Each structure stands twice: as structure tokens, then as C-alpha cells.
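Coordinate analysis (summary)
What follows is the residue order along each chain.
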Amino acid sequence: MYEPAQLRTFLAVAQTLSFTQAARRLGVRQSTVSQHVRRLEDAAGRTLFTRDTHSVELTEDGEAMLGFARRILEVHEQAAAFFTGTRLRGRLRFGASEDFVLTRLTEILESFRHEHPEVDLELTVELSGTLHEMLDAGKLDLVLAKRRPEDPRGESVWHDRMVWIGSERLRIDPERPVPLIVYPPPGISRAMALEALERHGRAWRIACTSGSLNGLIAAARAGLGVMAHARGLVPPGLVRVPDRGLPELGEVDFVVLHGSAGRGRDRGGPGVALAQAILAGGDRLHRGTR
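Small disclaimer: the values here were computed from a predicted structure and weren't measured.

Rules of the game
- Residues numbered from 1 in each chain as written.
- Predicted model: local features only at pLDDT ≥ 70, side-chain atom pairs only at ≥ 80, totals over all residues.
- Heavy atoms only, no water.
- Helix = DSSP H or I, 4+ residues; strand = E, 2+ residues; numbered from the N terminus.
- Contact = heavy atoms within 4.5 Å.
- Phe/Tyr/Trp six-rings, centres within 6.5 Å; stacked < 30°, edge-to-face > 60°.
- Buried < 20%, exposed > 50% of the residue type's maximum accessible area, 1.4 Å probe, protein only.
- Salt bridge = Lys/Arg side-chain N within 4 Å of Asp/Glu carboxyl O.

What follows is about the environment of Arg-8. Residue placement: Arg-8 occurs in helix α1 (residues 4-16). The spacing of Arg-8 and Arg-70 is 62 residues in sequence and 8.6 Å in space, taken between C-alpha atoms. Those residues in contact with Arg-8 that lie beyond four places of it in its chain are Leu-26, Leu-73, His-76 and Glu-77.

Let's shift gears to the packing of aromatic side chains. All chains considered together, the criterion is met by 5 aromatic pairs. Aromatic pair Phe-19 and Phe-49: ring centres 6.2 Å apart, planes at 70°, arrangement edge-to-face. Remark: Phe-49 occurs in strand β1 (residues 49-51) and Phe-19 occurs in helix α2 (residues 19-26); sequence separation between them is 30 residues. Judged by relative accessible area, which is 8%, Phe-19 ranks as buried. Looking at Phe-49, the relative accessible area reads 2%, which means it is buried. Geometrically, the ring pair formed by Phe-100 and Trp-158 is edge-to-face, given 6.0 Å between the ring centres and 85° between the ring planes. Highlighted residues: Phe-100 in the loop between β3 (90-97) and α5 (105-115) and Trp-158 in strand β6 (residues 155-166), separated in sequence by 58 residues.

Further remarks concern the pattern of salt bridges. A side chain with one charge may pair with a side chain of the opposite charge, provided their charged atoms come close. Across all of its chains, the model carries 12 salt bridges by this definition. Between Arg-89 and Glu-118 there is a salt bridge, and its shortest N-O distance comes to 2.6 Å. Within this pair, whereas Arg-89 is found in the loop between α4 (60-84) and β3, its partner Glu-118 is found in the loop between α5 and β4 (119-126), the two being separated by 29 residues in sequence. Looking at Arg-89, the relative accessible area reads 52%, which means it is exposed.

Turning our attention to the environment of Leu-142. Turning to its location among the elements, Leu-142 is positioned in strand β5 (residues 142-146). Sequence spacing of Leu-142 and Ser-260 is 118 residues, and the spatial spacing of their C-alpha atoms is 9.7 Å.

Tracing the sequence through the fold places Leu-285 in the segment after α10 (270-280). For the pair Leu-285 and Phe-100, spaced 185 residues apart in sequence, the C-alpha to C-alpha distance is 7.2 Å. If near-sequence neighbours (up to four positions away) are discounted, Leu-285 is found in contact with Phe-100, Thr-103, Arg-104, Leu-105, Ile-108, Leu-144, Val-157, Trp-158 and Leu-233.

Structure (C-alpha cells):
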């Protein structure tokens, strides 16, 4: 009833909320993406997306289809691997940014370990900027992180907007420097916050610095200041802070990036398999946390 190719296209659109980006990720024409979505909607008898010239959003039926699509594709891939007899082996050095500490990335990694028990998976959790540096230095094979503005590399897992968050009781005095809760350099969200404030001519001060997301959350919950964070990853106990003179932070892409040997040398290797699992399950990482 549901074609795997159409389900993969649906997931790509659901995660990027863009037919154009989904086509780029899948390496097909935009007309093909539209055709796949239309045929899937016909098969389901439901509208899965509302779309106009400016935006794409999932409907309630589209949200329901997410879980079904993931499970169908997982079973499809497990069956294909079983009957072809392919077993992945080797070492995979995977880096994930601090942003994903409180998400369901663990479920994706657990499924990957179950399906590929002979892969030695080494996980590094660090700042996005640090992970980019480690990947460039050949110390990691695959990275899931924010994309640096100047770096065109990587496959987009999802596109998001950066927002200011803090304690629900926090009030920012427009006459005083903005108290900031930030990662240390080379944190990408730190750089985005400082650059936005500088462009806006808004004074600021560092109220807390921590390389740990849990440390930043603790400071924010205590009301020490505001932090720049992805809208789809707002931690429990924190909320978006009212404008009060705070500038727009802009948008950000979360991407998977392969090391220099990644795709070219071994298209069927562990890094490619994990990247595909992350791209297929990307909605687990942020949807429902808005």
C-alpha cells in the first residue's frame, strides 16, 4: 500500500519542511518529490501537508504518518539486510553536538547497534564547532551538529530558527546589558548570539559559560540570563523569552557530515548506514519539543 520511495520522500519533506531541500537531499527533481507526496496522500486518503508559496507544515494526519513511515522503512531495511546477507563491520567514530543530549538520539543509536552489532561505535559529545574541527582533522568519521554559516557541506537533517530562551520568570531590562548564558568558543550558538547583539547595538555581558548543556540549563532555570537555542530543542522548564529589545537570531541547519573518506571510499560502510538512519529518524530529535 505504501511505497518505500514515497515514504522516504515524505520523511525528507517532513524533516526539512521544504520540497526544494527534500529534493536536494534525495538527489531527485522537485517535481518527483511533489509526485511522491501526492501519491502517498492518495494511498492514505488523507492530506499530509498544508502548503502555500511560503511554507510547508504537517497536518495532524501527517504527524501520525511520521511514526508509521519510520517503522515501515525500518522493517523494510531489516528484511533487505537479512536476505542479502550484508553485515557491517568496522570502527565508526561518531560525534554528536551537545544540542542532542536531551533528545531521542539514543533510540536511533540503540537501533543502529541492534542492527549492526559488529560495528564498533565510538561516540563523542561536544560543541558543534569543536566537532567540525575534529572532523576536519580526521579524528571523527561522521558528525551530527549545527552547520557553520560559511560551510556548505553536510546533509540537512532539519532546518530550524534560533530563539532566545530562559526561565519563565525572567524579565530582561532593556536599559541594562543582556545577561548571556553561553557555550565557550567555538560554540556556534554563542557566535550567533554575540553577532546578533553586536549588529543590533545591544550591550551584553556573560552571566554563565559552560561546555555542558545541562550546566547551561541549570543556569537558565535559575534565572541568570538568556541563551540562544534552537526552537525545536527547547529543554523542559525553559520558555521563549519575550522580545524586549532582543534581536532576531536567524536560522540554523542541523546536518550530518562525513569525514574526507566517508562517501567516496565506502558507500556501504557504517558511516553511511548511520547517516541514513539519522536522516530517516530526524523527526525524533526535535518534533514534539516545540
